[in-house]
Amino acid sequence: MVPGQVASISESIIKHVIEFKPFLMAQTVALYLPVDNEVDTSPLLNHHKILEKKLCLPVVRPENKLGFSQFKPGDSLQSGVYGILEPCNKDWLDIGSIDMFLLPLVGFDAQGTRLGYGGGYYDRALSHCKKNAKKPIVVGLAFQFQEVAQLPCADHDVPLHYIVTENGVRSFL
Ligand SMILES: Nc1ncnc2c1ncn2[C@@H]1O[C@H](COP(=O)(O)OP(=O)(O)OP(=O)(O)O)[C@@H](O)[C@H]1O
Ligand SMILES: [Mg+2]
């Protein structure tokens, strides 16, 4: 994909996110800042004033654990592990207070299995999540071409509840 395509398709994906009822209901939402050609979340940050949500971003902590700290557009960022930008603010949120996680991914399948970069960061961070619990809601953001027929799913892989692509929202619940 060329950069212009990433930006324009990301805009359509984020448009679906901000019309998605569980997203509108969520008070605290964890998102990510994209690297390479991941779905670009910046259109969401541009809407943050009207959305009135507490947003937070992941930070890689010692022992490769993910922490989440609050982020308001305009706050300072610094480059963390893998060059991913993270908030300078390190006031860790209780992970149990996060209503919805928006996750980047490399691939997904029709069962809601997610393939990440192989570090297991989100799988470890979300290992307490139960698929049928109301909270947190785990949502993958992807371009439709990232769907593959079937991914291997290990016990530690945290399943997605929903995926949002340029074609809309799909539920795996
Ligand atoms: N809940 C867990 N407890 C302990 N180790 C885990 C857990 N989840 C994942 N891991 C470790 O992380 C490794 C990588 O996991 P996996 O291949 O699923 O990564 P991924 O989902 O692609 O990565 P990411 O979540 O960072 O995008 C696993 O082989 C395992 O050793
Ligand atoms: Mg995994």
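Residues numbered from 1 in each chain as written. Chains lettered and ligands numbered in written order. Predicted model: local features only at pLDDT ≥ 70, side-chain atom pairs only at ≥ 80, totals over all residues. Heavy atoms only, no water.

Brief notes about the coordination of the magnesium ion (ligand 2)
To keep things clear, this is the line we draw: Ligating atoms shown are N, O and S within 2.8 Å of the metal, or 3.2 Å for Na, K and Ca, and water is not included, meaning a site may look less than complete. Numbering of helices and strands starts at the N terminus; helices are DSSP runs of H or I of at least 4 residues and strands are runs of E of at least 2. When a residue's accessible area, from a 1.4 Å probe over protein chains only, is under 20% of the maximum for its type it is buried; when over 50% it is exposed; and in between it is partly exposed.
Only Asp-123 (OD) and Asp-157 (OD) from the protein reach the magnesium ion (ligand 2) as donors, at distances of 2.0 Å. In this pair, Asp-123 sits in helix 5 (residues 121-125) while Asp-157 sits in the loop between strand 9 (137-141) and strand 10 (162-165), placing the two residues 34 residues apart along the sequence. A relative accessible area of 16% means that Asp-157 is categorised as buried.

A few points about the site of ligand 1
The criterion, for reference: Nearness is defined per residue: one heavy atom within 4 Å of the molecule or strand is enough. For the purposes of these results, a polar contact is taken to be a pair of N or O atoms within 3.5 Å, where, inside protein, one atom must be able to donate a hydrogen and its partner to accept one; residues adjacent in sequence count only when each atom of the pair is a side-chain atom. Accessible surface is estimated by sampling points in the Shrake-Rupley manner with a 1.4 Å probe; for residues, cover comes only from the protein chains shown.
Around ligand 1 there are 13 residues in total, and Gly-116, Gly-118, Tyr-121, Asp-123 and Asp-157 lie nearest to it. Here an oxygen atom of ligand 1 sits 2.9 Å away from a polar atom, N or O, in the main chain of Gly-116. Between an oxygen atom of ligand 1 and a main-chain N or O atom of Tyr-117, the distance comes to 3.4 Å. In the complex, the protein chains occlude 66% of the 650 Å² of accessible area that ligand 1 would expose alone.

A word on helix 1 (residues 3-18)
We count it as follows: Given the number of residues in a helix, its expected span is that number minus one, multiplied by 1.5 Å. Here, two residues are considered to be in contact whenever any of their heavy atoms come within 4.5 Å of each other.
Look at helix 1: 23 Å from first C-alpha to last across 16 residues, which is about the 22 Å you get at 1.5 Å a residue. Elements in contact with the buried residues of helix 1: helix 2 (21-25), helix 3 (42-46), helix 4 (48-51), strand 9 and strand 10.

Here's the deal with the sheet that holds strand 6 (residues 100-103)
The criterion, for reference: Between any two strands, at least two bridges found by DSSP are needed for them to pair. A fitted line through C-alpha atoms represents every axis, and for helices the fit uses only the stretch in contact; the resulting angles, taken between N-to-C directions, go from 0 to 180 degrees.
With respect to topology, seven strands assemble into an open sheet ordered 3-2-1-6-9-10-11, the strand pairing being mixed. Since the sheet does not close on itself, it has two edges, and those belong to strand 3 (65-70) and strand 11 (168-171), each with one partner. Ignoring which end each strand starts from, the neighbouring axes of this sheet average 25° apart.

Focus on the pattern of salt bridges
Applied cut-off: The salt bridge criterion pairs a side-chain nitrogen of Lys or Arg with a carboxyl oxygen of Asp or Glu, the two atoms within 4 Å.
In total, this model carries four salt bridges according to the counting rule given. Where Asp-99 meets Lys-135, a salt bridge forms, and the shortest distance between an N and an O atom there is 3.3 Å. With Asp-99 in the loop between strand 5 (85-87) and strand 6 and Lys-135 in the loop between helix 5 and strand 9, the pair connects residues that are 36 residues apart, well separated along the chain. A relative accessible area of 16% means that Asp-99 is categorised as buried. The residue Glu-147 makes a salt bridge to Arg-170 at a minimum N-O spacing of 2.8 Å.

Things to note about the environment of Cys-56
In this structure, Cys-56 sits in strand 2 (residues 54-61). Using a relative accessible area of 0% as the deciding quantity, one classes Cys-56 as buried. Between the C-alpha atoms of Cys-56 and Ala-30, which are 26 residues apart in sequence, the distance is 4.7 Å. Here Cys-56 is in contact with Val-29, Ala-30, Leu-31, Phe-68, Ser-69, Gln-70, Phe-71, Leu-93 and Ile-98, once residues within four sequence places are set aside.

Concerning the pairing of strand 10
Of the two faces of strand 10, the one carrying Tyr-162 and Val-164 and the one carrying Ile-163 and Thr-165 are both buried. Note that strand 9 and strand 10 share three bridges and pair parallel. Looking across to strand 10, one finds that Leu-141 is bridged to Val-164. Bridge count between strand 10 and strand 11: four bridges; the pairing is antiparallel. Residue pairing across strands places Ile-163 opposite Arg-170, the latter belonging to strand 11.

By themselves, these figures tell us nothing about what the structure is for.
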